[in-house]
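Single-letter residue listing:
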Amino acid sequence: MKISIFGLGYVGAVSLACLARDGHQVIGVDVDAAKLAMLRDGTTPVVEEGMVDLVRQVAASGNVSVTDDVNAAIRDSEISLICVGTPSAPNGSQDQSAVLRLSADIGRALARKTEPHVLVFRSTLAPGTVENVVKPIIERESDKPEGKGFHLCFQPEFLREGTSIRDYDKPPFTIVGASNPYPIEKLRQLFGHLPCEFIETSIGTAEMMKYCCNNFHALKITFANETARLCEALGVDPFEVMQLVCQDRQLNISPAYLKPGFAFGGSCLPKDLRATNYLARSHDVELPMLGAILESNRRHLQHAIDKVLATGARRVAMVGLSFKTGTDDLRESPLVMLAEALIGKGVKLSIFDPDVSLSRLLGSNKRYIESLLPHIGELIGDDLDAALAGADLVVIGTTSAVVLDELERRVAPQQRMLDLVNVRNGRFEGRSIAGLCW
Ligand SMILES: NC(=O)c1ccc[n+]([C@@H]2O[C@H](COP(=O)([O-])OP(=O)(O)OC[C@H]3O[C@@H](n4cnc5c(N)ncnc54)[C@H](O)[C@@H]3O)[C@@H](O)[C@H]2O)c1
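Residues numbered from 1 in each chain as written. Predicted model: local features only at pLDDT ≥ 70, side-chain atom pairs only at ≥ 80, totals over all residues. Heavy atoms only, no water.

1. Side note on the overall build of the chain
Along the backbone of the chain there are 18 helices and 14 strands. Relative to its length of 438 residues, the chain is extended, with a C-alpha radius of gyration of 28 Å against a globular reference of 22 Å. A total of 438 residues make up the chain; the buried ones form 45% of that total. Within the chain, residue pairs in contact and separated by at least 24 positions form 69% of the contacts whose partners lie at least 6 positions apart. Working note: accessible area of the chain is about 22,100 Å², and carbon and sulfur atoms make up 54% of it. Each charge sign in the chain was given a centre, from 46 positive and 54 negative side chains, and these centres are 3 Å apart. (Helix = DSSP H or I, 4+ residues; strand = E, 2+ residues; numbered from the N terminus. Rg over C-alpha atoms; globule rule 2.2 N^0.38 Å. Buried < 20%, exposed > 50% of the residue type's maximum accessible area, 1.4 Å probe, protein only. Contact = heavy atoms within 4.5 Å. Areas by Shrake-Rupley, 256 points an atom, 1.4 Å probe, with all protein chains shown as cover. Lys, Arg positive; Asp, Glu negative; His and termini not counted. Charge placed at Lys NZ, Arg CZ, Asp CG, Glu CD.)

This is how it looks when you write it as structure tokens:
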């Protein structure tokens, strides 16, 4: 394939070398004349394991040329990878000036081209940039609509500096965000041979997941380091602790707890986080990340309160009350807190949770509800129909299949639903249902 690569930093230079190694004709484009000269001479413009030999080899192969001429690069290639830098601006926003300037130049170059051209954005870009910012620039400058003459897509780059050639050859996956199949097929030809899954998605998802991956990596590092600081103060070996934490592949290093849903609660997480933060404070150890978790959880609860109130519903039925499905435990249940907030706002509430009703019947939770939550206790009924009667809005806080089957049969067409726990999955088709964040 004939490929042009714009931006010959870590991402662009490594991509250029690897694509040329794989037999493609690659044109490197950069505004930095020194980088162009180095590549022309067979020298790597970035210090990376394996790049000295690889660049020498591909320069000698005749598969690489370099230029600062955007027109020529677009004219002489069928696909372009855009790998220019997107650093932080002083206010923390993404400085997109290089991408935007280059997009205008590429648009003008496309105006002179008749063959279809694929533009693959590999620079990390804030979600929405490709479709809402870059596309209008290129359409304006080329005087062509996307899909006629050029195609846009976003393919996040996952290489890590220091191991970038190895990461190029063995990425965790290839993800391509596009709005039509043409660019996806082109990229499948380029990267489909790699030993990983090739995943198609929307441009927005591809842009967002790149941010999400980097945020998750930063979160993991900070978690290990905050744990280590506390371990140090307590005289515990942080390596042994983290090694054991990582050994749990069921709950810790797994997709568990990584699905969007409602706030956490229950008898363990909030109290143990509170105790951890107290312990840190009492040893003069600062743990800003662990210290912020309960506040973030509170804001998630507030988001749910705001969503319910924004519907304007005056009569609300809550289905689910315990802190998670399958237990009657109401201690620190965020659904109890939601109920209390709604009562406080004058909303008329009815509550249905068969686990909690049963526990009252058996007497196990009776005293807890009657002494600590009497205002809520009197709203809990054991009849779903009675709870739903007259409600404008049904708040779903349980994932129990039995309860959801019943609800699906009984909820009236005019009753709106707010799903806090992501239960839709083929349910409630054609009903008026909104999610907490989806
Ligand atoms: N470095 C990494 O490990 C890594 C990994 C994944 C994703 N990314 C993302 O990839 C992008 C590139 O990162 P990098 O570290 O390779 O950047 P870099 O700063 O090393 O290189 C960017 C290059 O773009 C060039 N450039 C700027 N304007 C240009 C223009 N108009 N035309 C042509 N070239 C131009 C610069 O001269 C520079 O050589 C960033 O968005 C970054 O967030 C980087």
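2. Thoughts on the site of the ligand
The environment of the ligand is made up of 22 residues, and the closest members are Val11, Asp30, Lys35, Thr86 and Glu161. Lys35 is positioned such that a nitrogen or oxygen atom in its side chain is 2.7 Å from an oxygen atom of the ligand. About the coverage of the ligand: the protein hides 78% of its 830 Å² of free accessible area. Of all the secondary structure elements, the ones that give two or more residues to the shell around the ligand are helix H1 (10-21) and helix H5 (97-111). (Near = heavy atom within 4 Å. Polar contact = N/O pair within 3.5 Å; in protein donor to acceptor, adjacent residues only side chain to side chain.)

3. Observations regarding the sheet that holds strand E4 (residues 79-82)
Strand order in the open sheet formed by eight strands is E3-E2-E1-E4-E5-E6-E7-E8, and the pairing between neighbours is mixed. Two strands close off the open sheet at either side, each with one partner strand: strand E3 (64-67) and strand E8 (198-201). The mean inter-strand angle of the sheet, taken between neighbouring strand axes irrespective of direction, is 25 degrees. Sheet topology places strand E1 (residues 2-6) next to strand E2 (residues 25-29); five bridges connect them, and they run parallel. Pairing of Ile5 across the sheet is with Gly28, part of E2. (Pairing = 2+ DSSP bridges. Axes fitted to C-alpha atoms, helices over the stretch in contact; angles between N-to-C directions.)

4. Regarding the pattern of salt bridges
Any two side chains of opposite charge can pair if their charged atoms end up close together. Within this structure, the stated rule accounts for 24 salt bridges. The salt bridge partner of Asp385 is Arg410, with a shortest N-O separation of 2.5 Å. Here Asp385, found in helix H17 (residues 384-388), pairs with Arg410, found in helix H18 (residues 401-410); they are 25 residues apart in sequence, far enough to count as distant. Owing to a relative accessible area of 36%, Arg410 belongs among the partly exposed residues under this scheme. What emerges from the salt-bridge pattern is a single network uniting Asp105, Arg108, Arg140 and Glu141. (Salt bridge = Lys/Arg side-chain N within 4 Å of Asp/Glu carboxyl O.)

5. A short note on the sheet that holds strand E10 (residues 348-352)
The strands making up a sheet are joined through hydrogen bonds of the backbone, oriented either antiparallel or parallel. Here six strands make up an open sheet; going across it, the order is E11-E10-E9-E12-E13-E14 and the pairing parallel. Looking at strand neighbours, the two that pair on one side only are strand E11 (380-381) and strand E14 (433-435), the edges of this open sheet. Pairing analysis gives four bridges linking strand E9 (residues 315-319) to strand E12 (residues 393-396), with the strands arranged parallel. Bridge pairing in E12 links Val316 to Leu393.

6. What about the pairing of E10?
The buried count for E10 comes to four of five residues, which makes it a mostly enclosed element. Sheet analysis places E9 next to E10, joined by five bridges and oriented parallel. Across the sheet, Ala317 pairs through a bridge with Ser350, a residue of E10. At this point the chain moves from E9, through helix H13 (residues 334-344), to the parallel E10, and the crossover so formed is right-handed. The pairing of E10 with E11 spans two bridges and is parallel. (Right-handed = clockwise from strand over helix to strand, strands pointing away.)

7. Considerations on the packing of aromatic side chains
The relation between two aromatic rings is expressed through the spacing of the ring centres and the mutual angle of the planes. In this structure the tally under the stated criterion is two aromatic pairs. Judged by centre distance (6.2 Å) and plane angle (70 degrees), the rings of Tyr168 and Phe191 are edge-to-face. With a gap of 23 residues between them, Tyr168 in helix H7 (residues 164-169) and Phe191 in helix H8 (residues 181-191) connect regions that are remote in the sequence. Exposure remark for Tyr168: the relative accessible area of 5% places this residue in the buried category. Looking at Arg122, its charged tip hangs above the ring of Phe191, at a distance of 5.6 Å from the centre. (Phe/Tyr/Trp six-rings, centres within 6.5 Å; stacked < 30°, edge-to-face > 60°. Lys NZ or Arg CZ within 6 Å of the ring centre and 35° of its normal.)

8. Concerning the environment of Glu185
Within the secondary structure, Glu185 is located in helix H8. The exposure class of Glu185 is partly exposed, given its relative accessible area of 38%. Separated by 121 residues in the primary sequence, Glu185 and Asp306 have C-alpha atoms spaced 44 Å apart.

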